[in-house]
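As a plain string of letters, each chain reads:
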Amino acid sequence: MSRANGNGNRRKASAAVKRRRRRAARLFRFDREFGARFVAGCDEAGRGSLAGPLVAAAVLIDYGSLSLRDRRALGELDDSKKRSPEEREALYPAVMRAAARVAITVRCVRGIDERGLHNTNLAALRRSLERVAVPGAVCLVDGFRLGPSCAVEHHAVVDGDARSAAIAAASVIAKVTRDRYMCRADELYPGFGFAENVGYSTPEHRAAIVERGPSALHRRSFQSVAYTQLAL
């Protein structure tokens, strides 16, 4: 590689980092505009998957004590779907260190099939949010109102994981927790590619279901287009 190419690549990488840090700064600014010391965010992972649990996470950020070091460590925080698995793994411990409280709720496939996906999702989000909320906290949920049974007042934020630092932090925790589980499940249920697809619909995953039939980790009640196409 020539020196010119090397310098060009370094400039591009530096520019990408600056863009990500600007996005993270906007996420923190969104939270701070509520004027509260405590902001809680809640999000889930696995709602649209064919197999595996649903994981909801909530993160409470104390903006009154959030250190500059923690802010810098979270400088590339964003919607977890926009980050690579390696980037999410790097952000996970940073979120855990910076958060005042973290709660994770896992709902198994059998529970999803018995109670329905939407009801299970709302209940898991409620439980996580209620476990981190403190008096005076602003509580934010990605996309959903959690119903009158929720014990804390909250706001549904459309595309919240791309707008709020607290929700983005929760999305990282939920996604990493679930991905780790599915990677371990790949050893127990080989042949479905869970380490790569983490339970979501891919051509290879659908082909494996046709060949082997659904495993114990596959949801039976989920009316996925992938399932209806396979006549499952």
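Owing to the predicted nature of the structure, the values given are computational and were not obtained by experimental measurement.

1. Side note on the side chain of Asn197
Alright, step 1. When you line up the elements, Asn197 lands in helix α7 (residues 194–197).
Alright, step 2. In this structure the side chain of Asn197 is engaged in a polar contact, spanning 2.7 Å, whose partner is the backbone nitrogen of Gly199.
Alright, step 3. Apart from residues lying up to four places away in sequence, Asn197 is in contact with Phe192, Thr202 and His205.

2. Topic: the side chain of Lys175
Alright, step 1. By secondary structure assignment, the location of Lys175 is in helix α6 (residues 165–188).
Alright, step 2. The buried category is assigned to Lys175, whose relative accessible area is 17%.

3. Examining the environment of Val134
Alright, step 1. Mapped onto the elements, Val134 comes out in the loop between α5 (117–132) and β4 (138–142).
Alright, step 2. The spatial distance from the C-alpha of Val134 to the C-alpha of Phe38 is 7.7 Å, given a sequence separation of 96 residues.
Alright, step 3. Sequence-distant contacts of Val134, that is, excluding residues within four places in its chain, are made with Phe38, Leu60 and Arg101.

4. Some remarks on the nonpolar core
Alright, step 1. By size, the foremost hydrophobic cluster in this structure holds 33 residues, and its most contacted members are Val59 and Leu77.
Alright, step 2. Counting residues per element, this core draws most heavily on α6, at ten residues.
Alright, step 3. For Leu77, the residues in contact, after removing those within four places along its chain, are Ala24, Leu27, Phe28, Leu91, Val95, Ala165, Ala168, Ala169 and Val172.
Alright, step 4. In this structure, Ala58, Ile112, Leu129 and Val152 belong to the second largest nonpolar core, which totals 23 residues.

5. Re the packing of aromatic side chains
In this description, an aromatic ring pair is defined by two values, namely the gap between the centres and the angle between the planes.
Alright, step 1. Enumeration over the complete set of coordinates arrives at three aromatic pairs.
Alright, step 2. Look at Phe28 and Tyr63: their rings are 6.2 Å apart centre to centre, the planes differ by 85°, and that puts the pair in the edge-to-face class. One end of the pair, Phe28, is in helix α1 (residues 3–32); the other, Tyr63, is in the loop between β2 (54–62) and α2 (68–73), with 35 residues separating them in the sequence.
Alright, step 3. Look at Phe28 and you get buried, because its relative accessible area is 2%.
Alright, step 4. Using a relative accessible area of 7% as the deciding quantity, one classes Tyr63 as buried.
Alright, step 5. Relative to Phe194, the ring of Phe192 lies with its centre 5.5 Å away and its plane at 15°, an arrangement referred to as stacked.

6. Focus on unusual backbone geometry
What you tend to see is this: most non-glycine residues have negative phi, and most peptide bonds are trans.
Alright, step 1. For Asp159, which is not a glycine, the phi torsion comes out positive at approximately 55°.
Alright, step 2. Here Asp159 lies in the loop between β5 (155–157) and α6.
Alright, step 3. The phi torsion at Val198 lies on the positive side, around 40°, for a residue other than glycine.
Alright, step 4. The exposure class of Val198 is buried, given its relative accessible area of 9%.

7. Comments concerning the pattern of salt bridges
In a structure, side chains of opposite charge can pair up when their charged atoms sit close to one another.
Alright, step 1. Going through the model one piece at a time under the given rule, you end up with ten salt bridges.
Alright, step 2. Across the pair Arg37 and Asp62 runs a salt bridge whose closest N-O atoms are separated by 2.6 Å. With Arg37 in the loop between α1 and β1 (38–45) and Asp62 in strand β2, this pair connects stretches of sequence that are 25 residues apart.
Alright, step 3. Relative accessible area serves as the criterion here: at 8%, Asp62 is assigned to the buried category.
Alright, step 4. A salt bridge links Arg180 to Glu89; its shortest N-O distance comes to 2.8 Å. One end of the pair, Arg180, is in helix α6; the other, Glu89, is in helix α3 (residues 85–98), and 91 residues separate them in sequence.
Alright, step 5. Residues joined by salt bridges that share partners form a network here, namely Arg23, Asp78 and Arg83.

8. With respect to α3
Alright, step 1. Look at α3: 20 Å from first C-alpha to last across 14 residues, which is about the 20 Å you get at 1.5 Å a residue.
Alright, step 2. Taken together, the buried positions of α3 are Arg88, Leu91, Tyr92, Ala94, Val95 and Ala98.
Alright, step 3. Considering only its buried residues, α3 is in contact with β2, α2, β3 (101–107) and α6.

The rules we used
- Residues numbered from 1 in each chain as written.
- Predicted model: local features only at pLDDT ≥ 70, side-chain atom pairs only at ≥ 80, totals over all residues.
- Heavy atoms only, no water.
- Helix = DSSP H or I, 4+ residues; strand = E, 2+ residues; numbered from the N terminus.
- Polar contact = N/O pair within 3.5 Å; in protein donor to acceptor, adjacent residues only side chain to side chain.
- Contact = heavy atoms within 4.5 Å.
- Buried < 20%, exposed > 50% of the residue type's maximum accessible area, 1.4 Å probe, protein only.
- Core = buried A, V, L, I, M, F, W, Y, C linked by side-chain atoms within 4.5 Å.
- Phe/Tyr/Trp six-rings, centres within 6.5 Å; stacked < 30°, edge-to-face > 60°.
- Salt bridge = Lys/Arg side-chain N within 4 Å of Asp/Glu carboxyl O.
- Expected span 1.5 Å × (residues − 1).

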